[in-house]
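Below are the chains, spelled out letter by letter.
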Amino acid sequence: MGVGAGADDAGDVGRLTLLLAATVQGISALVTSRRITMPQGEALIDDAITRLLVRPSTGRPSTAR
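A brief report on the enclosed structure follows.

Conventions used here
Residues numbered from 1 in each chain as written. Predicted model: local features only at pLDDT ≥ 70, side-chain atom pairs only at ≥ 80, totals over all residues. Heavy atoms only, no water. Helix = DSSP H or I, 4+ residues; strand = E, 2+ residues; numbered from the N terminus. Buried < 20%, exposed > 50% of the residue type's maximum accessible area, 1.4 Å probe, protein only. Contact = heavy atoms within 4.5 Å. Polar contact = N/O pair within 3.5 Å; in protein donor to acceptor, adjacent residues only side chain to side chain. Salt bridge = Lys/Arg side-chain N within 4 Å of Asp/Glu carboxyl O. Patch = residues over 30% accessible without salt bridge, like charges linked within 9 Å, V, L, I, M, F, W, Y side chains within 5 Å. Areas by Shrake-Rupley, 256 points an atom, 1.4 Å probe, with all protein chains shown as cover.

1. Section: the overall build of the protein chain
Here is step 1: A tally of helices and strands in the protein chain yields two helices and zero strands.
Here is step 2: Of all 65 residues assigned to the protein chain, the portion counted as buried reaches 12%.
Here is step 3: For the protein chain, long-range pairs separated by at least 24 residues make up 47% of all intrachain contacts whose partners lie at least 6 apart in sequence.

2. What to know about the side chain of Asp-12
Here is step 1: Within the element layout of this structure, Asp-12 appears in helix α1 (residues 10-32).
Here is step 2: A relative accessible area of 5% means that Asp-12 is categorised as buried.
Here is step 3: Here Arg-15 takes part through its side chain, which lies 3.0 Å from a polar atom of the side chain of Asp-12.

3. What to know about the pattern of salt bridges
Here is step 1: Summed over the entire model, instances satisfying the criterion amount to one salt bridge.
Here is step 2: In this structure, Arg-15 engages Asp-12 in a salt bridge whose closest nitrogen and oxygen atoms are separated by 3.0 Å. Separated by three residues within a single helix, Arg-15 and Asp-12 lie in helix α1, roughly one turn from each other.

4. A few points about unusual backbone geometry
Here is step 1: Positive phi, close to 60 degrees, is recorded for Arg-34, a residue that is not glycine.
Here is step 2: With respect to the element layout, Arg-34 can be found in the loop between α1 and α2 (38-53).

5. Notes on a nonpolar patch on the surface
Here is step 1: A cluster of nonpolar side chains, contributed by Leu-20, Val-24, Ile-49, Leu-53 and Val-54, occupies part of the molecular surface with about 380 Å² of accessible area.
Here is step 2: Those elements giving two or more residues to the nonpolar patch turn out to be α1 and α2.
Here is step 3: For Leu-53, the location among the structural elements is in helix α2.

Set out below in C-alpha cells:
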C-alpha cells in the first residue's frame, strides 16, 4: 500500500497527510476542551487511522472539492 506500491500517487500522500494531521488536531482540541475524554479521543484516533487506511479495492475515492 502507498506510493511505492502504486496504490496512491504522490498528490494523494500530501492530501492524506494533511487530512490525518487535521483530524488528530481536531480530536486533540476536543480532549483539551474536555468535550470528550482521553479514552474517547484515543478511540477516535484509532478509528480515523483505520478509516484512512481502508479503501475500496476498486476505483478511487471521491476527490470532490
